[in-house]
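The primary structure of each chain is shown beneath.
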Amino acid sequence: MRVSKASDTGSERVGTMREGTLDQKHLLVGEDGSPNNYDLNMGLTGGGGWRTPRHRHNFDQIRYVIQGRLPYTESHVLEEGWVGYFPESVHYGPQERPEGLRTMVLQCGGASGAGYLSVAQREAVNAELARTGEFKKGLYHYTDANGVPQTKDGSEAIFEHATGGKLEFATPRYTDVIAMNPEAYAWQESDPGVSEKWLGSFTERDLRIGFLRLDAGAVYQAGLHPSIEILFQINGRVTTGGEKYGPETGYEFLAGEGPVPVEAVEPTDFFRAVLHRF
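Anyway, here's the lowdown on the structure attached to this text. All of these numbers come straight from a predicted model, not from anything done at the bench.

Quick notes on the sheet that holds strand E23 (residues 260-266)
Next, step 1: Taken together, 4 strands build an open sheet; the order of strands is E18-E23-E20-E21 and the sheet is antiparallel. With one partner strand each, in any of the chains shown, strand E18 (219-222) and strand E21 (243-245) form the two edges of the open sheet. Strand after strand, the sheet turns through a mean of 30 degrees between neighbouring axes, direction not considered.
Next, step 2: Pairing between strand E20 (residues 237-240) and E23: 3 bridges, direction antiparallel. If you follow Val238 over to E23, its bridge partner there is Ala264.

Shown next, in the form of structure tokens:
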């Protein structure tokens, strides 16, 4: 088990690849090179908002809106409390995120096995590319070996520079972002005082997205899934591993690591995800 509290985590300004201001707290990260590498973070949009062009990634993203409304195209938004699944290879955007928007984001390797390039790797490459070109409005502008001006999506340019290979996209498994309203789902009690709300299971590798609720005094046995289990504490207070934890805490449980008891001191809700099985 690994645990990380937002209150103990420093905030980092997202690099210059996109326009605007976005600060992130990286609560937990996975293992570089693993198909299940991931990054659990919290984002706060700063003054002037945050903008991206229409684009796609070769990894999955799950977004939970903590505060505000998250536009993910020109005409679609995730409302506060909603969850969006942004599958690998699926286009979304353009985005115009408003100031004050707070989100929890889980970026992870998708079902294709292409993995996930960590933030540390991307930011290092970002700095290198800035010496030979310019990031502007989410695109990378540079001059090729023949002296011809070229334009490429910023994230694509970073990936190809970091890996030395061309960015390939798996055939999309879905046609669009999947926006989910958790309030439309019913809680199901799985153990005394323990209720689950699974929003969905995705791809042949069984990515699972949902919520977990504990009554005061209830115990949840974590780490019993066949892949990495991620919890993000929304409210309440719990004890695990001899320590007490409150809201905006992230938890990682490796495949089959449990049972790891998590006991609620007071009623507590979690966002929950179980990553793809490889």
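Notes on the sheet that holds strand E16 (residues 194-202)
Strands belonging to one sheet form pairs held by backbone hydrogen bonds; the direction of such a pair is parallel or antiparallel.
Next, step 1: Read from one edge to the other, the open sheet built from 7 strands follows the order E1-E22-E19-E24-E17-E16-E15, with strand pairing classed as antiparallel. For this open sheet the edge positions go to strand E1 (2-5) and strand E15 (188-191), each flanked by a neighbour on one side alone. Each strand of the sheet is rotated relative to its neighbour by a mean of 25 degrees, with strand direction disregarded.

A short note on the pattern of salt bridges
Next, step 1: Under the counting rule described, the total for this entry stands at 12 salt bridges.
Next, step 2: Sharing partners across several salt bridges, the network here consists of Glu88, Arg173 and Glu204.

Focus on the packing of helix H1 (residues 119-129) against helix H2 (residues 154-163)
Next, step 1: Between H1 and H2, the least distance of the axes is 9 Å, while the angle of their chain directions is 100 degrees. Classed by the angle they form, the pair H1 and H2 counts as roughly perpendicular. Note on element contacts: H2 touches H1 through Ala157, Ile158, His161 and Ala162, opposite Arg122, Val125, Asn126, Glu128 and Leu129.
Next, step 2: Classifying every residue of the contact of H1 with H2 gives 5 nonpolar, 2 polar and 2 charged.

Conventions used here
Residues numbered from 1 in each chain as written. Predicted model: local features only at pLDDT ≥ 70, side-chain atom pairs only at ≥ 80, totals over all residues. Heavy atoms only, no water. Pairing = 2+ DSSP bridges. Helix = DSSP H or I, 4+ residues; strand = E, 2+ residues; numbered from the N terminus. Axes fitted to C-alpha atoms, helices over the stretch in contact; angles between N-to-C directions. Salt bridge = Lys/Arg side-chain N within 4 Å of Asp/Glu carboxyl O. Parallel < 35°, antiparallel > 145°, perpendicular 65-115°, else oblique. Contact = heavy atoms within 4.5 Å. Nonpolar A, V, L, I, M, F, W, Y, C, P; charged D, E, K, R; others polar.

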